[in-house]
Amino acid sequence: MKLKKTTADVIAKIVKTAAKSACGSASWWGIHQPKEPNNLKKLLRK
């Protein structure tokens, strides 16, 4: 049980770091830049 929680915490930290680094950047292929969700903006202010 503890292994699952630890793994989930590590994955959450990785995803949060990736979201912060991708926030406000252009799209990968230059075709479409999606609108950033409001909840992501709130999360980044923390």
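It should be emphasised that the depicted structure is a prediction, and the values quoted were computed from it without experimental measurement. (Residues numbered from 1 in each chain as written. Predicted model: local features only at pLDDT ≥ 70, side-chain atom pairs only at ≥ 80, totals over all residues. Heavy atoms only, no water.)

K.L.:
Hey, could you run me through the overall build of the protein in this one?
P.N.:
Assigned secondary structure in the protein consists of two helices and zero strands. As displayed, the protein has an accessible area near 4,600 Å², and 64% of this comes from carbon and sulfur atoms. (Helix = DSSP H or I, 4+ residues; strand = E, 2+ residues; numbered from the N terminus. Areas by Shrake-Rupley, 256 points an atom, 1.4 Å probe, with all protein chains shown as cover.)

K.L.:
Help me understand the pattern of salt bridges, please; the structure alone is not making it clear to me.
P.N.:
Pairs can form between side chains of opposite charge once their charged atoms are near each other. Taken as a whole and judged by the stated rule, the model has one salt bridge. Between Asp9 and Lys5 there is a salt bridge whose closest N-O contact spans 3.7 Å. Of this pair, Asp9 and Lys5 both sit in helix H1 (residues 2–22), four residues apart, which is roughly one turn of the helix. Residue Lys5 is classed as exposed on the basis of its relative accessible area of 53%. (Salt bridge = Lys/Arg side-chain N within 4 Å of Asp/Glu carboxyl O. Buried < 20%, exposed > 50% of the residue type's maximum accessible area, 1.4 Å probe, protein only.)

K.L.:
Whenever I open this one, the environment of Thr6 confuses me. Can you help?
P.N.:
With respect to the helices, strands and loops of the structure, Thr6 is situated in helix H1. Using a relative accessible area of 41% as the deciding quantity, one classes Thr6 as partly exposed. A distance of 2.9 Å separates a polar side-chain atom of Thr6 from the backbone oxygen of Lys2. (Polar contact = N/O pair within 3.5 Å; in protein donor to acceptor, adjacent residues only side chain to side chain.)

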